[in-house]
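Fold and contact review
Single-letter residue listing:
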Amino acid sequence: MDCIFCEIIKGNIPSTKVYEDEFVTAFNDLNPQMPVHVLIVPKKHIASANDIAEEDAFLVGKVFLAAQKIAEKLGLDNGYRIINNCGEAAGQTVKHLHFHMLGGKTMGEKII
Ligand code: 5GP
Ligand code: ZN
């Protein structure tokens, strides 16, 4: 399997890690869209949000618990936004479930 994020998780492709635990890793996006742009990634290869199985459900909770810790570490005291792109129409380019954590400036324009 040819998956960039699996290679990052294994350490075969370098990344700037900001958080890691047994289930989840998080690293800076290569092409940041905000002052803080972290990708939170379950270590298990799951292709997209649409491929989360019942047995994986707890992983999504782990992602949000990781986000709390990252927010504290990076000083995102005023909040942050978490986005998941699921599938082609949403612009998902890497087929390994991941959540964009954005922050570091006030987000005025909302898309939802
Ligand atoms: P998607 O469009 O699938 O929701 O988001 C994929 C994200 O992964 C993009 O924001 C892109 O910049 C990021 N990305 C792609 N390849 C790499 C990489 O090799 N390293 C890192 N750190 N980010 C990557
Ligand atoms: Zn993968």
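Everything below is about the structure printed above this text.
Considering the site of ligand 1
- Lining the immediate environment of ligand 1, one finds 16 residues, of which Asn28, Asp29, Asn85, Thr93 and His100 sit closest.
- Asp29 is positioned such that a nitrogen or oxygen atom in its side chain is 2.5 Å from an oxygen atom of ligand 1.
- In the environment of ligand 1, an oxygen atom lies 2.7 Å from a nitrogen or oxygen atom belonging to the backbone of Thr93.
- Considering ligand 1 on its own, with 520 Å² of exposed area, one finds that the protein chains cover 83% of that surface.
- Among the detected pockets, ligand 1 sits in the largest pocket.
- Only helix H1 (4-10) and strand E2 (24-28) provide two or more residues apiece to the shell around ligand 1.
- Across the shell around ligand 1, the residue classes break down as 7 nonpolar, 8 polar and 1 charged.

Considerations on the coordination of the zinc ion (ligand 2)
- Taken together, the protein donors to the zinc ion (ligand 2) comprise Cys3 (SG), Cys6 (SG), His45 (ND1) and His96 (ND1), at separations of 2.0 to 2.3 Å.
- In this structure, the zinc ion (ligand 2) is coordinated by 4 donor atoms arranged in tetrahedral fashion, with angles at the metal of 102 to 117°.
- The sequence pattern describing where the donors of the zinc ion (ligand 2) fall on their chain is C-x2-C-x38-H-x50-H. Here His96 lies in the loop between strand E4 (81-83) and strand E5 (99-103) and Cys3 lies in the segment before H1, a separation of 93 residues in the sequence.

Some details on the packing of aromatic side chains
- Summed over the entire model, instances satisfying the criterion amount to 3 aromatic pairs.
- On the basis of an interplanar angle of 80° and a centroid distance of 5.4 Å, the ring pair of Phe5 and Phe27 is categorised as edge-to-face. Of this pair, Phe5 sits in helix H1 while Phe27 sits in strand E2, and the two are 22 residues apart along the sequence. Comparing Phe5 with Phe27 shows no difference in burial state: the two are buried.
- Seen in terms of ring centroids, Phe23 and Phe58 are 5.1 Å apart; in terms of plane orientation they differ by 90°. Their pairing is edge-to-face. In this pair, Phe23 is assigned in the loop between strand E1 (17-20) and E2 and Phe58 in helix H2 (residues 57-74), connecting sequence segments 35 residues apart.

Remarks on the pairing of E1
- In the sheet, E1 pairs with E2 via 3 bridges, with the strands oriented antiparallel. In the strand pairing of E2, Lys17 is matched with Phe27.
- What sits between E1 and E2 in their antiparallel hairpin is a turn of 3 residues.

Some thoughts on the nonpolar core
- The biggest cluster of nonpolar side chains holds 18 residues, and the ones touching the most others in it are Val18, Tyr19, Ala26, Val38, Ile40, Ile70 and Met101.
- Those elements that provide at least two residues to this core are E1, E2, strand E3 (36-42), H2 and E5.
- When residues in this core are grouped by element, the largest group, 6 residues, is from H2.
- If sequence neighbours within four positions are ignored, Ile40 has contacts with Val24, Thr25, Ala26, Val63, Ala66, Ala67, Ile70, Leu97, His98, Phe99 and Met101.
- One finds Phe5, Cys6, Ile9 and Leu39 within the second-largest nonpolar core, a separate group that totals 9 residues.

Basis of the calculations
Here, residues in each chain are numbered from 1, in the same order as that chain's written sequence. Here chains are named by letter from A upward and ligands by number from 1 upward, in the order in which they appear as written. Per-residue local features of the predicted model are confined to residues with pLDDT of at least 70, and side-chain atom pairs are confined, for both listing and counting, to 80 or more; whole-chain, interface and lining totals are unaffected and use all residues. With hydrogens and water excluded, all non-hydrogen atoms of the structure serve as input to the side-chain values. By convention in these notes, a residue is near a molecule or strand provided one of its non-hydrogen atoms lies within 4 Å of it. In protein, a polar contact requires one atom able to donate a hydrogen and another able to accept it; more generally it is a pair of N or O atoms within 3.5 Å, and residues adjacent in sequence count only if both atoms are side-chain atoms. Per-residue and other accessible areas were derived by the Shrake-Rupley procedure at a 1.4 Å probe size, with only the shown protein chains allowed to occlude residues. Both site types are read off a 1 Å grid over the protein atoms alone. A 1.4 Å probe that fits but cannot get out defines a cavity, while an open set with protein on both sides within 12 Å along at least five of seven lines defines a pocket; lining residues have an atom within 4 Å of a point. If over half the atoms of a molecule are within 2 Å of the grid points of a cavity or pocket, the molecule is regarded as sitting in it. Segments assigned H or I by DSSP are reported as helices when at least four residues long, segments assigned E as strands when at least two residues long, and all are numbered from the N terminus. Residues are grouped as follows: Ala, Val, Leu, Ile, Met, Phe, Trp, Tyr, Cys and Pro are nonpolar; Asp, Glu, Lys and Arg are charged; all remaining types, including Gly, are polar. Only N, O and S atoms count as donors, using a 2.8 Å limit from the metal and a wider 3.2 Å limit for Na, K and Ca, and since water is excluded some coordination spheres may look unfilled. In these descriptions, tetrahedral denotes four donors with every angle between 85 and 135 degrees, square planar four donors and octahedral six donors with opposite donors over 155 degrees apart and the rest between 65 and 115, and irregular any other case. Only Phe, Tyr and Trp rings take part, Trp by its six-membered ring, and two of them pair if their centres are within 6.5 Å. Stacked means planes under 30 degrees apart, edge-to-face means over 60, and tilted covers everything else. Three labels apply to residues, based on accessible area from a 1.4 Å probe with only protein chains included: buried if under 20% of the type maximum, exposed if over 50%, partly exposed otherwise in between. At least two bridges found by DSSP between two strands is the condition for calling them paired. The set of buried Ala, Val, Leu, Ile, Met, Phe, Trp, Tyr and Cys residues whose side-chain atoms join them within 4.5 Å is what this entry labels a nonpolar core. Between two residues, a contact is recorded if the distance between any of their heavy atoms is within 4.5 Å.

In short, the description is geometric, and any link to function would need to be established separately.
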